[in-house]
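# Breakdown of the fold
So you can see what is in the structure, the chains are spelled out below.
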Amino acid sequence: MTFASAAVTLVAAPLRPDPEEARRLLQQELTERDYVAAQPTWLDRAADAFWSWIEGVRLGDAEGAPAVALVIVLVVVVAVVVGVVLVYGVPHLERRSARPGELFGDDDERDADALRASAREAAAAGDLDRAVVESFRALARALVERDVLTTSPGTTARTVGDRAARLFPARADRLRAAARAFDEVRYLDRPGTEQAWREITDLDRALEGDRTAVPA
């Protein structure tokens, strides 16, 4: 509003305007072009809010410009991590991070030799069910100890048989048959046989000298 127009308004206006006249004069003042142009736009308000947030960021004892630098560094780090995950996928856990006692749903801390000894004792005692189960456990634990495959909670005998079959294709049929014998005795209540126990034991011994056909 220019000085001349303001002077004209003041002269024209009564010294003590009534409420209605005062309201009219205020509306006229607020609609002047210069006043409207001076009001901040929505973009100005958004920018002010953003910079106010940046200035208010505190990381530890840092504030102001150092805090802005730290925020930028964190954003860059997050972007790099996301890029690595997208390119290489989620990193796998270390093989030895899994609990060594987990084997086909049971906690069993015995190593392969102890399981083999248990299978022999069971066979000698005529407990062929346990002999079959323990001999396949020994086979699976031996492969885990060699770091050629891993087991975890939920890994089944069939899964071990299939994975081992891919690693030792020349013995694929025998590996799957051994896993099937374990499942039949353990879950289907079929009686174990001396033949099944001996076949699994011989297979376990043969695998000790085999090298995997593909990287573990």
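Residues numbered from 1 in each chain as written. Predicted model: local features only at pLDDT ≥ 70, side-chain atom pairs only at ≥ 80, totals over all residues. Heavy atoms only, no water.

### Focus on the packing of helix H6 (residues 112-124) against helix H7 (residues 128-145)
The N-to-C vectors of H6 and H7 enclose an angle of 165°; their axes lie 8 Å apart at closest approach. Here H6 is positioned roughly antiparallel relative to H7, judged by the angle of their axes. In this structure, the crossing between H6 and H7 has a hand that is left-handed. Across the interface between the two elements, Ala112, Leu115, Arg116, Ser118, Ala119, Ala122 and Ala123 of H6 pack against Leu128, Arg130, Ala131, Glu134, Ser135, Arg137, Ala138, Arg141, Ala142 and Glu145 of H7. Looking at the contact of H6 with H7, its residues break down into nine nonpolar, two polar and six charged. (Axes fitted to C-alpha atoms, helices over the stretch in contact; angles between N-to-C directions. Helix = DSSP H or I, 4+ residues; strand = E, 2+ residues; numbered from the N terminus. Parallel < 35°, antiparallel > 145°, perpendicular 65-115°, else oblique. Left-handed = near helix turned anticlockwise from the far one by under 90°. Contact = heavy atoms within 4.5 Å. Nonpolar A, V, L, I, M, F, W, Y, C, P; charged D, E, K, R; others polar.)

### Regarding the environment of alanine 181
Residue placement: alanine 181 occurs in helix H9 (residues 172-187). A C-alpha to C-alpha distance of 7.5 Å links alanine 181 and valine 132, two positions 49 residues apart in sequence. In contact with alanine 181, not counting residues within four places along its chain, are Val132, Ala196 and Ile200.

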